[in-house]
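# Chain and residue survey
Below, each chain spelled out in residue letters.
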Amino acid sequence: MGDGTALTGDSIPGTVLSIDAMGGDRGPSVVIDGMAAAVAKNPDLRFILHGDRPDLERLIERKRGLAERCEIRHAEGVVRMDEKPSSVLRHGKNTSMWSTIEAVRAGEAEVAISCGNTGALMLMSMTRLRKIEGVNRPAIACLWPSRNPSGFNVMLDVGADIRADAEDLLQYALMGASYARNGMDLARPRVGLLNVGTEEHKGRAEIKVAAELIARVAPAADFEFVGFVEGVDLPSDKVDVIVTDGFTGNVALKTGEGTAKMISERLREAFTYTPLSRIAALLAYTSLRRLSKSIDPRRVNGGVFLGLNGTVVKSHGASDATGVAAAIKLAARLSASDFNKRLAARISQAEHAAAAAMQGDQGKGAVQ
């Protein structure tokens, strides 16, 4: 994009965001705290907030300067974390999550944000916003801390659908490459397919077929396919986009979050163990703070639903104020970059290029 609105940039342009205040594990107070933290750094943000009006008004009044930036939409219902998505879709029209999606559908806000039930949010988003033409299965993409110059890799799917066949994985590759190109200013993203090894003979049958399909369409879709990658490559600089199914991606994501949390806790224990270690901690304070920030999963909180006619950011259910603020920051950047329109256009172009490449190979007797 080259205009300072890349997902990894520092600026957060003003925009209108639709926020589900009731969906997270920690309740609406954490969401309000996150909004206040985001506004403190970017006073141009505006919010449409969905949930119980009396509770939200009481919480917002405690935050100076937040009330004039919020419009509250009353919604009595709350989608519980243990509710079945199909049940929510049938009976959830009075919920804060439904109201949040509707504001984007109506064009009143650019991006929807929720900490709520992932399955319900995805099904509701698919039903109300509809899929981009040519997309079979939407995916959730996350930013994964890496050694790349941007500091991140893109990984998808991380939980939208636990199953994915070879053609689904090909589509994830196309969407992931578009996400990296439009959101991270990468002219020719490098795409890798997550597997149990880098050797060609390893992996399930659908993984091998997917690798053949992705390799075949990569030149026409203008990205580089680096082949199979392993779990150790997730934070590496050998790839920009990691493609996998939602089951594997979600396990990897939660494992990474848990590992980062454990490292932070162990470092804190080590540097407070003795008086000498406390002195060492003071001397290394700046470096430790930089390390803690770089591995803090809260600061890259927010999975983006790709493949829909509207932008939805899924924040972690257990997010604290820092995590909510990070999701808001990501959503604002996506809106400022006109990301979803760019993504839809790029997917359409890539689908046509992929189809042309597939037809050309079929005419030559390539493997179907």
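The rules we used
- Residues numbered from 1 in each chain as written.
- Predicted model: local features only at pLDDT ≥ 70, side-chain atom pairs only at ≥ 80, totals over all residues.
- Heavy atoms only, no water.
- Helix = DSSP H or I, 4+ residues; strand = E, 2+ residues; numbered from the N terminus.
- Buried < 20%, exposed > 50% of the residue type's maximum accessible area, 1.4 Å probe, protein only.
- Contact = heavy atoms within 4.5 Å.
- Polar contact = N/O pair within 3.5 Å; in protein donor to acceptor, adjacent residues only side chain to side chain.
- Axes fitted to C-alpha atoms, helices over the stretch in contact; angles between N-to-C directions.
- Parallel < 35°, antiparallel > 145°, perpendicular 65-115°, else oblique.
- Left-handed = near helix turned anticlockwise from the far one by under 90°.
- Nonpolar A, V, L, I, M, F, W, Y, C, P; charged D, E, K, R; others polar.
- Pairing = 2+ DSSP bridges.
- Right-handed = clockwise from strand over helix to strand, strands pointing away.
- 1 Å grid on protein atoms, 1.4 Å probe; cavity = no way out; pocket = protein on both sides within 12 Å on 5 of 7 lines; lining within 4 Å.
- Points joined across faces, edges and corners; volume = space filled by probe spheres on them.
- Salt bridge = Lys/Arg side-chain N within 4 Å of Asp/Glu carboxyl O.
- Expected span 1.5 Å × (residues − 1).
- pLDDT = per-residue confidence, 0-100.

### Description of the overall build of the protein
Within the protein one finds twelve helices and eleven strands. Burial statistics for the protein: of 368 residues in total, 51% are counted as buried. Taking contacts inside the protein between residues at least 6 apart in sequence as the whole, the part at least 24 apart equals 73%.

### Focus on the side chain of Asn-153
Of note, Asn-153 is situated in strand β6 (residues 152–156). You can call Asn-153 buried: its relative accessible area is 0%. There is a polar contact of 3.3 Å between the side chain of Asn-153 and the side chain of Ser-146. In this view, Asn-153 contacts Cys-142, Leu-143, Trp-144, Ser-146, Asn-148, Asp-233, Leu-234, Pro-235, Ser-236, Val-239, Asp-240 and Ile-242; residues no more than four positions away in its chain are not counted.

### Side note on the packing of helix α1 (residues 28–41) against helix α11 (residues 321–336)
It is at 7 Å that the axes of α1 and α11 come closest, and there the two elements cross at 55°. Taken as axis vectors, α1 and α11 run oblique relative to one another. Our pair here, α1 against α11, has a crossing hand that is right-handed. Contact residues: Val-30, Val-31, Asp-33, Gly-34, Met-35, Ala-37 and Ala-38 in α1; Ala-321, Val-324, Ala-325 and Ile-328 in α11. Of the residues that constitute the contact of α1 with α11, the class distribution is nine nonpolar, one polar and one charged.

### Here we look at the pairing of strand β1 (residues 16–20)
Within β1, four of the five residues are buried, which leaves it mostly tucked inside the rest of the structure. Strand direction decides the pairing type here: β1 and strand β2 (residues 46–51), joined by five bridges, are parallel. In the strand pairing of β2, Ser-18 is matched with Ile-48. The handedness of the β1 to β2 crossover, carried by α1, is right-handed.

### Structural notes on empty space enclosed by the protein
Counted by the stated rule, this structure contains one cavity of 30 Å³ or more. Volume-wise, the largest cavity comes out at about 30 Å³. For the lining of the largest cavity, the per-class residue count stands at four nonpolar, four polar and two charged.

### A short note on the environment of Arg-342
Structurally, Arg-342 can be placed in helix α12 (residues 339–363). Overall, Arg-342 belongs to the partly exposed group, its relative accessible area being 33%. Taking the C-alpha atoms as reference points, Arg-342 and Asn-182, 160 residues apart in sequence, are found 7.0 Å from one another.

### A few points about the pattern of salt bridges
Overall, the coordinates contain 18 salt bridges when judged by the stated rule. With a shortest N-O distance of 3.1 Å, Glu-108 and Arg-73 are connected by a salt bridge. Remark: Arg-73 occurs in strand β3 (residues 70–74) and Glu-108 occurs in the loop between α4 (96–105) and β4 (111–114); sequence separation between them is 35 residues. Here Glu-206 and Arg-204 are joined by a salt bridge, their closest N and O atoms 2.7 Å apart. Overall, the relative accessible area of 28% leaves Glu-206 in the partly exposed class.

### Details of α1
Helix length check: α1 (14 residues) gives 21 Å between terminal C-alpha atoms against 20 Å at 1.5 Å per residue, within 8%. Considered for burial, the residues of α1 that qualify are Pro-28, Val-30, Val-31, Ile-32, Gly-34, Met-35, Ala-38 and Val-39. The inward-facing, buried residues of α1 contact β1, β2, α2 (53–61), β3 and α11.

### Overview of the confidence of the model for the protein
Chain-level statistics for the protein give a pLDDT mean of 84 and a share of 87% at 70 or above. Scored below 50 in pLDDT, residues 363–368 makes four contacts in the model with residues more than four places away or belonging to other chains.

### Some points on the packing of helix α6 (residues 166–184) against helix α7 (residues 205–221)
Between α6 and α7, the shortest axis-to-axis distance is 8 Å and the interhelical angle comes to 40°. Relative to α7, the element α6 is oriented oblique. Crossing angle aside, the handedness with which α6 passes α7 is right-handed. In this structure, α6 uses Ala-166, Glu-167, Leu-169, Leu-170, Ala-173, Leu-174 and Arg-181 to contact α7, whose residues at the interface are Glu-206, Ile-207, Val-209, Ala-210, Leu-213, Ile-214, Val-217 and Ala-221. Split into classes, the residues belonging to the contact of α6 with α7 amount to twelve nonpolar, no polar and three charged.

### What to know about the environment of Glu-212
Counting through the fold element by element, Glu-212 comes out in helix α7. Placed 15 residues apart in sequence, Glu-212 and Gly-227 show a C-alpha to C-alpha distance of 9.3 Å.

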